[in-house]
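Each chain, written out:
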Amino acid sequence: MNKSAQKSAYVRFSISLLLMISMLSPVAVLAKDGKKYFKEGMKAEVAEQWDKAVEQFALAVTDNPKNPEYRLHYQRSIFNASQMYMKKGTAQANEKDYVGAYNLFRKAYGYDPTNELAKAEMERMIRLQKGLNGEDTEEKKDANGNIKLVKTGFNNANTPHDVQVPQKLEKLRNVPFPSGIDLQFIIKELATDLDLNVLFDSGSFRTDKKIKIELKNVTAAKALDYIFLQEGLFFQKVGPRTILVAESNRRQQFQQLVLRTFYLANADPKDVQKVLQGAIPAQPGRTPTISIVDEDTNSITIRDTQENIRLMGKLITSLDKDRAEVVMDVAIYEVSKTDLLKLGNQIGSESSLTNLGGTTSAVVGVGGNDVFGTIGRTLASAIPSAFGVGLVIPAVNLVAFQNKQNTKLLASTQIHAFNNEDSSARIGQRVPVTTATISNGFNNPGNPGVGGGGGGFLSNVVNYEQVGLTLKFKPIVFPNQDVQVAMEIESKDIVACGGVNPCFSERIIKGTARVQNNKTLLLASVAQDTQSDGRQGLPLLGLIPIIGRLFTAPTKDNRQVDIVIAITPRVIRAPSILPEDEIERETGSLAVPTSGSLEALIIQEEREELLASARRLPTTVQVQLPDQKVEEAPAYIKSDSTQTVSQTTTSAAENRTIAETQTTNSSARNTGLPLSSLRPIDSGVKTLQINQTSDNA
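Residues numbered from 1 in each chain as written. Predicted model: local features only at pLDDT ≥ 70, side-chain atom pairs only at ≥ 80, totals over all residues. Heavy atoms only, no water.

K.L.:
Before we go on, may I ask you to explain the confidence of the model for the chain in this structure?
P.N.:
Per-chain confidence: the chain averages 76 in pLDDT, with 67% of residues scoring 70 or above. Confidence drops under pLDDT 50 across residues 148-154; counting only partners more than four residues distant or on other chains, this segment forms six contacts. Segment residues 641-653 is flagged for pLDDT under 50; beyond a separation of four residues in sequence, or across chains, it makes five contacts in the model. (pLDDT = per-residue confidence, 0-100. Contact = heavy atoms within 4.5 Å.)

Here it is in structure tokens:
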């Protein structure tokens, strides 16, 4: 019976153990924490096989994305892998293997897209390879990367889209007068081709003047512009298709000024005012530009010539762009490991082993001389006449102590900043720290005669230390969305430390870096490994292997600190740079201000005439529809029962009834309906009953 019970108990225990293993085995199989890949990555990191380390650490991060230690080594291995391929690519380039060097630099750029040097080296390898193959490296492109085009026709860059260029502006002609021609005559002839009226300033044209000019294949407008430029003249529009021609030194007397207000959506009007004053400075022969800033409406009002106002309007459009905004992602990974081990038989300590024994101080008499005897008897009362010998046995302590600490810190912060503006954030708390102790010196409360009658006090001075993360950024966003950041990152945390006050760990990084948009830059990487191996005890005996642990307790203290700080700029708004923002604009010469061209004047006249013609068209339209043809005559409505006409009416009513009956008969004949089915129309006078309302008029 006992054997069967024991056997059944053994069977139940075996089944229970099997079920427990079966339940736990899927968890063990499915629980992926990336330790296997992390160990392989650490082996590759020690061997400086950074490309393999990147792969293994990436797999570890995939399995456990929340482990800061995995991310720390992953970020570090990416940077080192890129640098490894940079070295290999440089070596290949020195051997003139430009294709192989290009591939290596491409790998370096693939690992670290923020490595601008790798990108530049790739372009350099392409140029060197083309030179090696004897290819023509001259590119037929301009500085902006656009294909160079040769100007072959009419320049319609300034032509509005709603205006058709007049044919007279495209008509080419020759102006062959090398021997000379009257100035006013040639101006009138060319203006006639443009349908322009010309007035001449009497002060500028007091005498006749001949000019020598020879032009080929030019339009009449361009020919007049060239003549005005050669002879130092300018024109001013005084009416529809009418211009006044005068000398340039009389510009202030005739040139008209206009006033315009520009409302800015993004730019600061004060900054725009400074740019306008520097781009179009005061010139001789014209009135200085007058600009007024209104901060309430964020606008700037300018008074200048029409040509300069038009030029300033284009410049303001190029300056009034969306203000760039960027969000800085800051990630701090920190892993700290501490391993302290004390194991052995500690005999004594530093204080006990440095004082194992000795003799006390004494005086010993020498011989029977009375002098020495007198001295000995004199000193006998103060100093013993003999000395003692003693030996101190040190204490024995069996020590077995181990302390392991593993600290992981993952700090991820986002901070928003405008372009070229300081932005800061502080996340943390304040920790009280005792920095001093104060007392009034009355430390004897029991004796009123001493210390002022027992009114003493003792107090601590407490300051609060800021711990946590402090970020300061000043970004500058470039048109290609690269971000240059002047930053200051400070991380201060509490670490375990003995004593009354805590210990602090502090990391401060300050500098400037340029990063591509949405690219992670390894800002700082710190790896610190401290190993301490010491022992204290009896000399020589503690150094004997294995047996030495009976006389001393060795101490091993290993500390590792790994820190990685990475930043990622994310541009959320950037100015849109259009092609018209980069084109060249004529601003005149240093001596001659900006002048309009007759070609632009003719185009503007055509546009104004087109708008005037559109305004003359009637805006109210009257539509007269044709009369509708009547196909059928009106007919009476059928009634369900025939109506009888009363015979007891007055003579007037009888006459009316007779007339209605005649009309009915005639209608019945026209419609083809029987007379009995028609109802006569009631045309009698009826009284309308109106009830009085409460509203009293």
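Don't stop here, the text continues.
K.L.:
What exactly am I supposed to notice about a nonpolar patch on the surface here?
P.N.:
A grouping of Val621, Val623 and Leu625 is seen on the molecular surface, where their side chains present a nonpolar patch of about 360 Å² in accessible area. Structurally, leucine 625 can be placed in the loop between helix H15 (598-616) and helix H16 (651-671). (Patch = residues over 30% accessible without salt bridge, like charges linked within 9 Å, V, L, I, M, F, W, Y side chains within 5 Å. Areas by Shrake-Rupley, 256 points an atom, 1.4 Å probe, with all protein chains shown as cover. Salt bridge = Lys/Arg side-chain N within 4 Å of Asp/Glu carboxyl O. Helix = DSSP H or I, 4+ residues; strand = E, 2+ residues; numbered from the N terminus.)

K.L.:
Looking at this structure, how should I read the packing of helix H8 (residues 183-193) against helix H9 (residues 220-231)?
P.N.:
Packed helix pairs are specified by the crossing angle of their axes together with the interaxial distance, meaning the distance between the axes. Relative orientation of the contacting elements H8 and H9 amounts to 155°, with a least axis distance of 9 Å. Put simply, H8 runs roughly antiparallel to H9. For the element pair H8 and H9, the recorded crossing hand is left-handed. Contact residues: Leu183, Ile186, Ile187, Leu190, Ala191 and Asp193 in H8; Ala220, Ala223, Leu224, Ile227, Phe228 and Glu231 in H9. (Axes fitted to C-alpha atoms, helices over the stretch in contact; angles between N-to-C directions. Parallel < 35°, antiparallel > 145°, perpendicular 65-115°, else oblique. Left-handed = near helix turned anticlockwise from the far one by under 90°.)

K.L.:
Teacher, can you tell me more about a positive patch on the surface here?
P.N.:
Where like charges cluster on the molecular surface, the positive patch consists of Arg426, Arg430, Lys472 and Lys510. For arginine 426, the location among the structural elements is in strand S13 (residues 423-439). (Lys, Arg positive; Asp, Glu negative; His and termini not counted. Charge placed at Lys NZ, Arg CZ, Asp CG, Glu CD.)

K.L.:
Teacher, can you tell me more about the nonpolar core here?
P.N.:
Proteins that are soluble and globular tend to have nonpolar side chains buried together. Ranked by size, the top nonpolar core spans 28 residues in total, and within it Ile186, Ile187, Phe228 and Leu598 carry the most contacts. Among the secondary structure elements, those contributing two or more residues to this core are strand S1 (173-182), H8, strand S3 (210-218), H9, strand S4 (233-239), strand S5 (242-247) and H15. With six residues, the single largest contributor to this core is H9. For phenylalanine 228, the residues in contact, after removing those within four places along its chain, are Ile187, Leu233, Phe235, Val245 and Leu598. (Core = buried A, V, L, I, M, F, W, Y, C linked by side-chain atoms within 4.5 Å. Buried < 20%, exposed > 50% of the residue type's maximum accessible area, 1.4 Å probe, protein only.)

K.L.:
Even after reading the chapter, I still don't get the pattern of salt bridges, so can you show me in this structure?
P.N.:
A side chain of one charge can pair with a side chain of the opposite charge if their charged atoms are brought near each other. Throughout the structure, instances matching the rule amount to 18 salt bridges. Notably, a salt bridge pairs lysine 337 with glutamate 69, separated by 3.2 Å at the nearest N-O pair. Pair noted here: lysine 337 is in strand S9 (residues 325-347) and glutamate 69 is in helix H4 (residues 68-94), with a separation of 268 residues, a long-range link. A residue is classified by how much of its surface remains accessible, and glutamate 69, at 8% relative accessible area, is buried. With a shortest N-O distance of 2.7 Å, lysine 237 and glutamate 605 are connected by a salt bridge. Linking lysine 237 in strand S4 with glutamate 605 in helix H15, this pair joins segments that are 368 residues apart in sequence. For lysine 237, a relative accessible area of 30% corresponds to the partly exposed category. Salt bridges linked by common partners bring Lys237, Glu605 and Glu608 together as one network.

K.L.:
What am I meant to see in the sheet that holds strand S7 (residues 290-294) here?
P.N.:
What holds strands together in a sheet is hydrogen bonding between their backbones, with the strands either parallel or antiparallel. Pairing within the open sheet is antiparallel, and its three strands lie in the order S6-S8-S7. The sheet is open, and its two borders are formed by strand S6 (257-263) and S7, each paired with just one other strand. Each adjacent strand pair in this sheet contributes to an overall mean axis angle of 15°, direction not counted. Sheet topology places S7 next to strand S8 (residues 299-305); five bridges connect them, and they run antiparallel. Paired with isoleucine 292 across the two strands is threonine 301, which belongs to S8. Packed onto the sheet, helix H12 (residues 306-319) meets S6 and S8 and runs at close to 145° relative to S8. (Pairing = 2+ DSSP bridges.)

K.L.:
How do you make sense of the packing of aromatic side chains when you look at a structure like this?
P.N.:
What characterises a pair of aromatic rings is the spacing of the ring centres plus the angle enclosed by the ring planes. Applying the stated rule across the entire model yields five aromatic pairs. When the ring of phenylalanine 38 is compared with that of phenylalanine 57, the centres are 5.7 Å apart and the planes differ by 45°; the resulting orientation is tilted. On the criterion of sequence distance, the pair formed by phenylalanine 38 in helix H2 (residues 35-46) and phenylalanine 57 in helix H3 (residues 50-63) is long-range, its members being 19 residues apart. The pair phenylalanine 38 / phenylalanine 57 is uniform in exposure class, with both members buried. On the numbers, 5.7 Å between centres and 10° between planes, the contact of tyrosine 85 with tyrosine 111 is stacked. With a gap of 26 residues between them, tyrosine 85 in helix H4 and tyrosine 111 in helix H5 (residues 98-111) connect regions that are remote in the sequence. Judged by its relative accessible area of 8%, tyrosine 85 is buried. Aromatic rings pair up to connect Phe38, Phe57 and Tyr70 into one cluster. We note arginine 251 situated over the ring of phenylalanine 234; from NZ or CZ to the ring centre the distance is 4.8 Å. (Phe/Tyr/Trp six-rings, centres within 6.5 Å; stacked < 30°, edge-to-face > 60°. Lys NZ or Arg CZ within 6 Å of the ring centre and 35° of its normal.)

K.L.:
What should I look at first to understand H12 in this one?
P.N.:
Think of an α-helix as 3.6 residues a turn; residues three or four steps apart then line up on the same face. For H12, spanning 14 residues, the distance from its first C-alpha to its last is 20 Å, which sits close to the expected 20 Å at 1.5 Å a residue. Among all positions in H12, only Asn308, Ile309, Leu311, Met312, Gly313, Leu315, Ile316 and Ser318 are buried. In this structure, the buried residues of H12 make contact with S6, helix H11 (269-279) and S8. (Expected span 1.5 Å × (residues − 1).)

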